[in-house]
Amino acid sequence: MAMAADVAGQSANRAEPGGETLVRMMEQLVLVREFESKCESMWKAHEHMVGEYHLSLGQEAIAVGTCAALDPSDLICPSIRGMGVYLCRGTPLATLMTTFLDREGGISRGRWAHWHSPVPERGILAQTGMLGSGLVTSVGVALAQKYLATGNVVVAMLGDGATSTGYFHEGMNFAAFRQLPIVVIIENNQYAVSTPISSVVRVKELSSRAVGYGIPGITIDGNDLLCVHATVRDAVLRARRGDGPTLVECMTYRFGGSTVKDADKLRPTEEKEAARRNCPVKRFKELLSQRGVLREDDYGHMVSAARSQIDSAEQQAKRRPVLDAGSDPLGTFAPYAEGAPV
Amino acid sequence: MSAVLQAPVVQTLTFREALNDALRLEMARDRRVIILGEDVGRKGGIAGVTRGLLEQFGPERVIDTPISEMAIAGACCGAAMSGLRPVGEFYYSDMLMFMADNVVTSAARLHFATGLRAPYVLRGRDGSKPEDGGPHQDSFAAWFAQVPGLKVVMPATPADAKGLLISAIRDENPVIFLEQIPLYGIKGPVPAGEYAVPLGEAEVKRAGTDVTVVCVGRCVHDALAAGERWSKQGVSVEVLDLRTLRPLDVAAIRASVKKTGRLVTVHEGWAGYGISAEVIATVSDGPELLLRAPAQRVGTLDTHIPASPRLAAACLPNAQRIDSAIAAGVR
């Protein structure tokens, strides 16, 4: 796969993460897998749940590897298929479940599409359903990080579909010409809802678009967790030392439809079966087993621990009152409360 | 020690210079204020509003951008969310259409939905420029004034331009700041130094008793001229300059119409579903009946502004149409 020389070069002499980190990444993979599977089954059981549920099942390694490559003060704008980011950044499961179940105490209190809600205390930036919009907002966040010399890096994630928007072009070029501390990650699951990306673009690799912006671009196997982690870590280092943005394309495939409501009848069965064989969770589990970092019963414990956390979150959420219109409305305008000039 | 020179209390400045003065003062006062836009740096802005700011504050604070309105609006939103106070410039109001998604879907909802804030200003040229002809003459103020979470400002005088821009930069919300093209060259007294005009307060620019003309932007000057003409015929016209379209100064509108009992609205942009419609609703919605005669509205005719300057002048609010409306109002 095509690689920008300096990104690939750094990847070659990287240090592998230690055993503890590997185990934590395995736990996060399992958590995302179990949490989204639970959401899917609740939705299918006709629980009263709000939202569109763009599940990332099959793509979990991208969020896990990316988040593991960031410092806690770095900022990240997930794609619309971004629940893995919320989980890996430590958003409490009960808060997420409360939000999905439309109850008091959730994120943004029922006022922002929850699958896109910003969570400032976790460094998660705002996304909207207007694909690509999160990129230009993230560019502004990166501009402020550079101007204020915070040392923080911004990661903006988007799907392959969003790379065809005007926002993508404007945002990439803006980030590039200002040499902003941002890493843009394309989660290429190869379909925009039903439309194969290969049928609507002429480039073979979306990362080749980076050439047009004068920045490095790289396409990697997005189901290879260690590769995602190392590549993003290098791109983040590059951004942090002031060398500007990198475009990282992670090849992957979603197990299910675009949303839980999508009948998903148009993608070929063979493709879907191949994706299951290429499952990122299974691959990482096998890798860690081979390396002797993970035993079968360790894995079993991880799954049961995740399930019990999720069940407990569900129970907590269900004890909360359902949102109602009488509950406190946030004012439309921010009151005049000028911060001290700096 | 030699005598300390006192700054004059009031200077005479053009509308353009007054805006520049506001930006310069705010940038000097607050390092969080940065400017982004096409040609804002080396050129000093397409309308000359940002002249000299690059030289004074440097390229980290005055950023010449590519032609990327969506990225300018998005960058303002993201930077504002991260603690800066960006001022983005657009070439013409038409370009606000490129910016609208980020403004409406991200910025305007942000505080309501999350408690976060996006304090930024998007400012630029708005409305007619009949001498040039061609496109870029529209005023889309009403579209944005309809959106909860936004503030929309349109000054008519140099003093208001300065005072309102300073308030807009200090406001905690996204503000759309519209500078009507015919106004850039007009001169007027402008208080020196820090001078803020609160957003959301209309001003009576001419007191009268027979008919209220509610207006905004360059139409304020047309309304004032009409007031002079009608005074010779014994009709006393009150001119109420809205200055801010959102929040709308409902109390000022109602107080004036309560006094006169007659209402004419004058502004650029289509009258239907627009500023006129909102002002008249404001008058008719209240607890008491205020109007003694049907309200009259003068906006851009319900068609597209032609390129020909003569045709455009007929399409836009003009003296003849304002006089007809006042005549109908006071009949």
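Residues numbered from 1 in each chain as written. Chains lettered and ligands numbered in written order. Predicted model: local features only at pLDDT ≥ 70, side-chain atom pairs only at ≥ 80, totals over all residues.

Undergrad: Can you help me understand the overall build of chain B in this one?
TA: Counting secondary structure elements, chain B contains 11 helices and 14 strands. A compact globule built from 331 residues would reach a C-alpha radius of gyration of about 20 Å, and chain B, at 20 Å, matches this within 12%. Along the three orthogonal principal directions, the C-alpha set of chain B runs to about 60 × 55 × 45 Å. Among the 331 residues that make up chain B, the fraction classed as buried is 59%. (Helix = DSSP H or I, 4+ residues; strand = E, 2+ residues; numbered from the N terminus. Rg over C-alpha atoms; globule rule 2.2 N^0.38 Å. Buried ≥ 20, exposed ≤ 12 C-beta atoms within 10 Å, placed from the backbone.)

Undergrad: Before we go on, may I ask you to explain the overall build of chain A in this structure?
TA: Helices and strands together make up the secondary structure of chain A, namely 12 helices and seven strands. Taken against the 2.2 N^0.38 rule, which gives 20 Å for 342 residues, the C-alpha radius of gyration of chain A at 20 Å falls within 12% of a compact globule. Out of the 342 residues in chain A, the part that is buried amounts to 50%. Sequence separation of at least 24 residues holds for 77% of the intrachain contacts in chain A that already meet a minimum separation of 6. (Contact = placed C-beta atoms within 7 Å.)

Undergrad: Mind showing me how you'd approach the sheet that holds strand E11 (residues 237-241) of chain B here?
TA: The strands making up a sheet are joined through hydrogen bonds of the backbone, oriented either antiparallel or parallel. Residues and elements named next belong to chain B. Spatial strand order, E9-E11-E10-E13-E14: five strands in an open sheet with mixed pairing. Every other strand in the sheet has two partners, leaving strand E9 (203-206) and strand E14 (296-300) as the edge strands with one partner each. Within this sheet the neighbouring strands show an average axis-to-axis angle of 25°, counted without direction. When strand E13 (residues 263-270) meets E14, the two strands line up parallel, connected through four bridges. Its bridge partner being in E14, Trp-270 is matched across the sheet by Thr-300. (Pairing = 2+ DSSP bridges. Axes fitted to C-alpha atoms, helices over the stretch in contact; angles between N-to-C directions.)

Undergrad: Would you mind showing me how to read the domain arrangement of chain B here?
TA: As a measure of interface size, the accessible area lost when the parts come together is often cited. Residue and element names in this part refer to chain B. For chain B, the assigned domains are domain 1 (13-191) and domain 2 (203-330). Placing the centre of domain 1 and that of domain 2 at their C-alpha centroids yields a distance of 26 Å. Taken together, the contact between domain 1 and domain 2 spans 26 residues of the former and 22 residues of the latter. At the level of secondary structure, the elements contributing two or more residues to the side of domain 1 that touches domain 2 comprise helix H5 (141-145), strand E6 (151-153), helix H6 (158-170) and strand E7 (175-180). When the residues that make up the side of domain 1 that touches domain 2 are grouped by side-chain class, the tally is 15 nonpolar, seven polar and four charged. (Domains from an automatic or database assignment. Nonpolar A, V, L, I, M, F, W, Y, C, P; charged D, E, K, R; others polar.)

Undergrad: I'm lost on helix H9 (residues 275-284) of chain B in this one. Help?
TA: Every α-helix carries 3.6 residues per turn, so stepping three or four residues along brings you back to the same face. Residues and elements named next belong to chain B. Within H9, seven of the 10 residues are buried, leaving the element largely enclosed by the surrounding structure. Those residues of H9 that fall on the buried side of the exposure criterion are Ile-275, Ser-276, Glu-278, Val-279, Ile-280, Thr-282 and Val-283. Looking at the buried side of H9, the elements it contacts are H5, strand E10 (211-215), strand E12 (244-246), helix H8 (250-260), E13 and E14.

Undergrad: It is not clear to me how H6(B) should be interpreted in this structure. Could you clarify?
TA: All names here are of chain B. Taking 1.5 Å as the rise per residue, H6 with 13 residues should run 18 Å; its terminal C-alpha atoms sit 19 Å apart, in good agreement. Of all 13 residues in H6, 12 are buried; the element is thus mostly enclosed. Looking only at H6, the buried set comprises Pro-158, Asp-160, Ala-161, Lys-162, Gly-163, Leu-164, Leu-165, Ile-166, Ser-167, Ala-168, Ile-169 and Arg-170. (Expected span 1.5 Å × (residues − 1).)

Undergrad: So what exactly am I meant to see when it comes to the nonpolar core here?
TA: Grouped burial of nonpolar side chains is what soluble globular proteins tend to show. With 199 residues, the main nonpolar core has Val139(A), Val183(A) and Val213(B) as its most contacted residues. The element that contributes the greatest number of residues to this core is helix H3 (residues 69-81) of chain B, accounting for 10 residues. Three or more residues apiece are contributed to this core by two domains, here domain 1 (13-191) and domain 2 (203-330) of chain B. (Core = buried A, V, L, I, M, F, W, Y, C linked by C-beta atoms within 7 Å.)

Undergrad: What should I look at first to understand the environment of Asp324(A) in this one?
TA: Residue position: Asp324(A) is located in the segment after helix H12 (296-318). In the structure, Asp324(A) is positioned 214 residues away from Gly110(A) in sequence and 9.6 Å away in space, judged by C-alpha atoms.

Undergrad: Sorry if this is basic, but what is going on with the interface of chain B and chain A here?
TA: Across the boundary between the two partners, chain B contributes 39 residues, which contact 37 residues of chain A. Residue assignment for the side of chain B that touches chain A shows that the elements contributing at least two residues are H3 and helix H4 (96-114) of chain B. Broken down by element, the side of chain B that touches chain A gets its largest block of residues, 10 residues, from H4(B). Residues of the side of chain B that touches chain A, tallied by class, amount to 15 nonpolar, 13 polar and 11 charged.

Undergrad: Which parts of the structure should I look at to understand the packing of helix H5 (residues 93-100) of chain A against H12(A)?
TA: Each packed pair of helices is defined by two parameters, the angle between the axes and the distance between the axes. Residue and element names in this part refer to chain A. Running from N to C, H5 and H12 point in directions that differ by 50°, and their axes come no closer than 8 Å. Classified by the interaxial angle, the pair formed by H5 and H12 is oblique. The crossing of H5 and H12 is right-handed. For the pair H5 and H12, contact is made by Leu-93, Ala-94, Met-97 and Thr-98 and by Gln-309, Ile-310, Ala-313, Glu-314, Gln-316 and Ala-317, respectively. Looking at side-chain class alone, the contact of H5 with H12 contains six nonpolar, three polar and one charged residues. (Parallel < 35°, antiparallel > 145°, perpendicular 65-115°, else oblique. Left-handed = near helix turned anticlockwise from the far one by under 90°.)

Undergrad: I would appreciate a short explanation of the sheet that holds strand E3 (residues 182-188) of chain A in the present structure.
TA: Residue and element names in this part refer to chain A. Spatially, five strands are ordered E1-E2-E3-E7-E6 in an open sheet, and the strand pairing comes out parallel. One side of each edge strand has no neighbouring strand; the edge strands of this open sheet are strand E1 (75-77) and strand E6 (217-221). Along the sheet, successive strands turn relative to each other by an average axial angle of 20°, direction set aside. Bridging between strand E2 (residues 154-159) and E3 involves six bridges; their strand directions are parallel.

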